[in-house]
Amino acid sequence: MKKEILATSVVLGLGLTALAIHAGCKPLETVKYVELKKYMGTWFEIAAFPQPFEKGCICTSATYGLAEDGSVIVKNRCIKDDKLKVTEGRAFVTDHTNAKLDVQFFWPFKGKYWIIDLAKDYSYAVVGHPNRNYLWILSRRPTLDEQTYNELVVRAADKGFDVRNLVKTAQIADVSSI
């Protein structure tokens, strides 16, 4: 019996790995269109792939605003070591859908910010990178109901992201207005 369970687990694991590798070969699809004015405002990080630049952060949020030149002003906030950490940057739309942006916090480096899932009412979003090494689940509120969260995780996995790397973000205070 134990051998059957182990064999089944190995087969399922290999199948999921093969699926992820296969999905990783397909180009990452974004949402069809993003209305930038509706996307502006504050988003709370619900979960993300851990990144060195966010290590030790809790209460992570991002606030976006349109600049006069058409770029997006980005203000990321989190609490790290009991202190508010604020990082400001710019994002630049790179295609006609407004779903692909390049974000720059430090010149000359830019990162891809692709909106791959978005609620019709703009209440949640999923953002990733085409190499699938970066993933964020965002919400307009500091919390997201478990059913919606789980559906977003499944859809991200279907797009080739290794969702086993997702870590939920502690949201114990709203620092978005600071």
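In this text the structure is predicted, and so the values were computed from the model without any measurement. (Residues numbered from 1 in each chain as written. Predicted model: local features only at pLDDT ≥ 70, side-chain atom pairs only at ≥ 80, totals over all residues. Heavy atoms only, no water.)

Re the nonpolar core
Counting residues in each nonpolar core, the largest one holds 23 residues, and the members touching the most others are Val-34, Tyr-39, Tyr-64, Tyr-113, Ile-115 and Leu-118. Of all the elements in the fold, those that place two or more residues in this core are helix 2 (36-39), strand 1 (41-48), strand 2 (57-66), strand 3 (72-80), strand 5 (100-106), strand 6 (109-118), strand 7 (124-128) and strand 8 (135-139). Excluding anything up to four places from it in sequence, Leu-118 contacts Val-31, Val-34, Tyr-39, Trp-43, Tyr-124 and Ala-125. If you look at the next biggest cluster of nonpolar residues, it comprises 18 residues, including Ala-119, Tyr-124, Ala-156 and Leu-166. (Core = buried A, V, L, I, M, F, W, Y, C linked by side-chain atoms within 4.5 Å. Buried < 20%, exposed > 50% of the residue type's maximum accessible area, 1.4 Å probe, protein only. Helix = DSSP H or I, 4+ residues; strand = E, 2+ residues; numbered from the N terminus. Contact = heavy atoms within 4.5 Å.)

Some words on the pattern of salt bridges
Within this structure, the stated rule accounts for six salt bridges. Across the salt bridge formed by Lys-75 and Glu-88, the nearest N and O atoms sit 3.7 Å from each other. On the criterion of sequence distance, the pair formed by Lys-75 in strand 3 and Glu-88 in strand 4 (residues 83-93) is long-range, its members being 13 residues apart. A relative accessible area of 27% means that Lys-75 is categorised as partly exposed. The partly exposed category is assigned to Glu-88, whose relative accessible area is 49%. With a shortest N-O distance of 2.8 Å, Arg-164 and Asp-162 are connected by a salt bridge. Accessibility expressed as a relative area gives 26% for Asp-162, which makes it partly exposed. (Salt bridge = Lys/Arg side-chain N within 4 Å of Asp/Glu carboxyl O.)

Some details on the packing of aromatic side chains
Evaluation of the coordinates by the stated rule reveals five aromatic pairs. Relative to Trp-43, the ring of Tyr-39 has its centre 4.9 Å away and its plane inclined at 35°; by these criteria the two rings are tilted. Aromatic ring contacts, followed pair by pair, group Tyr-39, Trp-43, Tyr-64 and Tyr-113 into a single cluster. For Lys-100, the ring lying beneath its charged end belongs to Trp-114, and the centroid distance is 4.2 Å. One residue, Lys-168, lies across the ring of Tyr-149, its end atom 4.3 Å from the ring centre. (Phe/Tyr/Trp six-rings, centres within 6.5 Å; stacked < 30°, edge-to-face > 60°. Lys NZ or Arg CZ within 6 Å of the ring centre and 35° of its normal.)

Details of the state of the cysteines
Following the criterion strictly, the structure yields one disulfide and no others. The residue that forms a disulfide with Cys-57 is Cys-78, at a sulfur-sulfur distance of 2.2 Å. Taken together, the residues Cys-57 in strand 2 and Cys-78 in strand 3 connect sequence positions 21 residues apart. In this model Cys-59 remains outside any disulfide bridge; the closest cysteine sulfur is found in Cys-78, 8.6 Å from its own. (Disulfide = S-S within 2.5 Å.)

Section: the side chain of Asp-95
Considering the arrangement of structural elements, one finds Asp-95 in the loop between strand 4 and strand 5. The side chain of Asp-95 sits in the buried core without any salt bridge; Lys-100 is the nearest counter-charge, 4.6 Å away. Among the polar contacts listed, one links the side chain of Asp-95 to the side chain of Thr-97, at a separation of 2.8 Å. (Lys, Arg positive; Asp, Glu negative; His and termini not counted. Polar contact = N/O pair within 3.5 Å; in protein donor to acceptor, adjacent residues only side chain to side chain.)

Considerations on the environment of Thr-60
Take Thr-60: it is sitting in strand 2. Residue classification places Thr-60 among the buried positions, given a relative accessible area of 8%. With residues near it in sequence (within four places) discarded, Thr-60 still touches Phe-44, Glu-45, Glu-54, Arg-77, Cys-78, Thr-169 and Gln-171.

Details of unusual backbone geometry
Cis peptide bonds are those with omega within 30 degrees of zero, and the linkage from Trp-107 to Pro-108 qualifies with 5°. Mapping Pro-108 onto the fold places it in the loop between strand 5 and strand 6. In this model, Asn-98 sits at a positive phi of 65°, which is unusual for a non-glycine residue. Relative to the elements of secondary structure, Asn-98 occurs in the loop between strand 4 and strand 5. Its identity as a non-glycine residue notwithstanding, Tyr-122 has a phi of 60°, on the positive side. Checked against the element boundaries, Tyr-122 lands in the loop between strand 6 and strand 7. Given a relative accessible area of 9%, Tyr-122 falls into the buried group.

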